[in-house]
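# Structural features, examined
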Amino acid sequence: MIKIGLLGCGNVGRIIAAHAESIQIVAVFDIIPGRAEELAALCHARAYTDFDAFMQEDFSIVVEAASVDAVRRYAEAVLRSGRDIVVLSVGALADVEFRERLIEVAGEVGKKIRIPSGAIIGLDNLKIGQISPPEKLLLRTTKPPASLGMAAGTRTEIFKGLAHDCIKLYPKNINVAVALGLAAGRDADVELWVDPGIERNIHEIFAEGDFGDIYVRVRNVPSPDNPATSYMAALSILTLLKNLENPLVVGT
Ligand SMILES: NC(=O)C1=CN([C@@H]2O[C@H](COP(=O)(O)OP(=O)(O)OC[C@H]3O[C@@H](n4cnc5c(N)ncnc54)[C@H](OP(=O)(O)O)[C@@H]3O)[C@@H](O)[C@H]2O)C=CC1
Ligand SMILES: O=C([O-])CC(=O)C(=O)O
């Protein structure tokens, strides 16, 4: 059974721990001691608030479900320790210099940075963009205002521009746009909306290229403990881990 170290004991961490049937969570790490201890008790792991001590434990992969800041702080050390890392706060990789350094380190040490599909569908075949670049790549995300910690009386566009700029303003809400761009090989255009009339986190992907045109709409159920994060994001990590050692690989 694959042994993992969980970096981040919030909403996604709790969902992963509650469904850890095909994985063993050996150690958990969070800046908030109570959160780390609570999660550790749930999955019979050891709790840490000190990163270096956490890294002394015996696991082969780190699953990050914390923040863009945590990826910037710890991802390189994880790779240099000889472990793969699963990065949910993929917005950290919008910084080209940081991303290139991290990829270089992963190559040097022969380890992988794994980006789950998270809260969207379609990253697999959007990778065709790396061969046939899309002329259009747009993500329109619409969330209930509470997901962004704001109030709004009507449907309102709060951002229009490129993914790498949007993630700087909304690091807890638009990681999906950065993942989309990494898959398709170009920065995605983003529209971010809040709508008081909806209860789900909606992601609409529009892509056009010489392959044709694509429209994908995902109407995600928000997570129980963090409405900004769709429940699908945690399921996506669990699925990635479940398939890591599967000899049959489905999807591009
Ligand atoms: N790629 C994708 O499709 C998606 C990505 N995400 C991203 O996944 C991440 C996890 O989401 P979720 O579980 O809902 O978030 P939560 O805020 O519920 O949990 C994150 C936990 O990690 C802790 N944390 C944050 N920074 C650090 C750090 N530097 N070191 C140690 N612990 C830290 C947080 O503490 P504190 O509360 O004090 O900050 C919190 O306890 C978020 O960054 C989110 O934006 C979410 C959905 C989809
Ligand atoms: O969970 C979602 O719907 C998307 C999200 O928060 C993110 O990409 O950061």
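All residue numbers refer to position in the chain's written sequence, counted from 1. Working convention: letters from A go to chains and numbers from 1 go to ligands, in the order in which they are written. Only residues with pLDDT of at least 70 get local features here, since the model is predicted, and only at 80 or more are side-chain atom pairs given and counted; chain-wide, interface and lining totals rely on the full set of residues. For the side-chain quantities, the full set of heavy atoms in the structure was used; hydrogens and water were omitted.

### Some thoughts on the UniProt feature "binding site: NAD(+)" (unreviewed entry) in the protein
Cut-off, in case you're wondering: UniProt positions are given in the numbering used here, feature names are shortened, and annotations may be inferred rather than shown by experiment. A 1.4 Å probe that fits into a set of points on a 1 Å grid over the protein atoms alone but cannot get out defines a cavity; an open set with protein on both sides within 12 Å along at least five of seven lines defines a pocket, and lining residues are those with an atom within 4 Å of a point. Only DSSP runs of H or I covering at least 4 residues are called helices, and only runs of E covering at least 2 are called strands; the numbering of each starts at the N terminus. Categorising residues by exposure relies on relative accessible area from a 1.4 Å probe, with only protein chains included: less than 20% of the type maximum marks a residue as buried, more than 50% marks it as exposed, and the intermediate range marks it as partly exposed. Contact criterion: two residues are considered in contact whenever any of their non-hydrogen atoms come within 4.5 Å of each other. In the analysis that follows, any N or O atom pair within 3.5 Å is treated as a polar contact, provided that within protein one partner can donate a hydrogen and the other can accept it, and provided that, for residues neighboring in sequence, both atoms belong to side chains.
As recorded in UniProt, the sites labelled "binding site: NAD(+)" (unreviewed entry) are A119 and N175. A maximum C-alpha distance of 8.9 Å is found for the annotated residues, which run over 57 residues; spatially they form one tight group. As for the lining of the second largest pocket, the annotated residues named previously contribute A119 and N175. Topologically, A119 is positioned in the loop between β6 (113-114) and α6 (123-126). The class of A119 is buried, set by a relative accessible area of 8%. In this structure A119 touches V176, H203, V218, N220, S230, M232 and A233, once residues within four positions along its chain are discounted. As for its placement among the helices and strands, N175 is situated in helix α8 (residues 175-184). In contact with N175, not counting residues within four places along its chain, are V68, L88, S89, V90, G91 and I167. In this structure the side chain of N175 is engaged in a polar contact, spanning 3.3 Å, whose partner is the backbone nitrogen of V90.

### What to know about the state of the cysteines
Put simply, the rule is: Criterion for a disulfide: a pair of cysteine sulfur atoms at a distance within 2.5 Å.
This structure, assessed with the given rule, holds 0 disulfides. Among the cysteines around C9, which has no disulfide bond, C43 carries the closest sulfur, lying 8.0 Å off. By relative accessible area, which is 0% here, C9 ends up buried.

### Considering the layout of surface pockets
For the record, the criterion: Grid points are joined across faces, edges and corners, and a volume is the space filled by probe spheres set on the points. Under the scheme applied, nonpolar residues are Ala, Val, Leu, Ile, Met, Phe, Trp, Tyr, Cys and Pro; charged residues are Asp, Glu, Lys and Arg; polar residues are all the others, including Gly. For every domain, the bounds stem from an assignment made automatically or drawn from a database.
Estimates place the volume of the largest pocket at around 1200 Å³. Forming the boundary of the largest pocket are 31 residues, of which I115, P116, S117, K127 and L240 lie nearest the centre. Of all the secondary structure elements, the ones that give two or more residues to the lining of the largest pocket are α5 (96-109), β6, α6, α8 and α9 (231-243). Take the lining of the largest pocket: its biggest share by element is 5 residues, from α9. Residue composition of the lining of the largest pocket, by class: 17 nonpolar, 10 polar and 4 charged. Two domains each provide a minimum of three residues to the lining of the largest pocket, namely domain 1 (2-118 + 232-244) and domain 2 (123-219). Approximately 970 Å³ is the volume found for the second largest pocket. If you trace the second largest pocket, you find 44 residues lining it, with A65, A66, S67, S89 and N226 closest to the centre. For the lining of the second largest pocket, the secondary-structure elements that each account for two or more residues are α1 (11-18), α4 (68-80) and α8. Tallying contributions element by element places α4 first for the lining of the second largest pocket, with 5 residues. Domain assignment of the residues forming the lining of the second largest pocket places at least three in each of domain 1 (2-118 + 232-244) and domain 2 (123-219).

### Considering the packing of α1 against helix α2 (residues 33-43)
Here is the rule we go by: For helices, the fitted axis covers only the stretch in contact; all axes are lines through C-alpha atoms, and the angles between them, taken along N-to-C directions, range from 0 to 180 degrees. Relative orientations are named as follows: roughly parallel for angles under 35 degrees, roughly antiparallel for angles over 145 degrees, roughly perpendicular for angles from 65 to 115 degrees, and oblique for any other angle. Note: crossing handedness is left-handed where the near helix turns anticlockwise from the far helix by less than a right angle, and right-handed where it turns clockwise.
In the contact formed by α1 and α2, the axes pass within 9 Å of each other and the chain directions differ by 10°. Considering their axes alone, α1 and α2 lie roughly parallel with respect to each other. Of the two elements, α1 crosses α2, and the hand of that crossing is left-handed. Residue-level inspection shows G13, R14, A17 and A18 of α1 in contact with α2, the latter providing L39, L42 and C43. Partitioning the contact of α1 with α2 into residue classes produces 5 nonpolar, 1 polar and 1 charged.

### A word on the nonpolar core
For soluble globular proteins, nonpolar side chains are generally found buried alongside one another. Heads up, the condition is: Among the buried residues, those of types Ala, Val, Leu, Ile, Met, Phe, Trp, Tyr and Cys that are joined through side-chain atoms within 4.5 Å form a nonpolar core.
With 80 residues, the main nonpolar core has I16, I25, V28, I174, L180 and L241 as its most contacted residues. When residues of this core are sorted by domain, at least three fall in each of domain 1 (2-118 + 232-244) and domain 2 (123-219).

### Examining the environment of G10
You can see G10 is positioned in the loop between β1 (2-7) and α1. In this structure the C-alpha to C-alpha distance between G10 and A70, which are 60 residues apart in sequence, comes to 13 Å.

### What to know about the sheet that holds strand β4 (residues 61-64)
Keep this limit in mind: What makes two strands pair is DSSP finding at least two bridges between them.
One open sheet accounts for 6 strands, arranged β3-β2-β1-β4-β5-β6; its pairing is parallel. At either end of the open sheet lies a strand with only one pairing partner, and these are β3 (46-48) and β6. Packing of α1 onto the sheet brings it into contact with β1, β2 (23-29) and β4, and relative to β2 it is tilted by some 150°.

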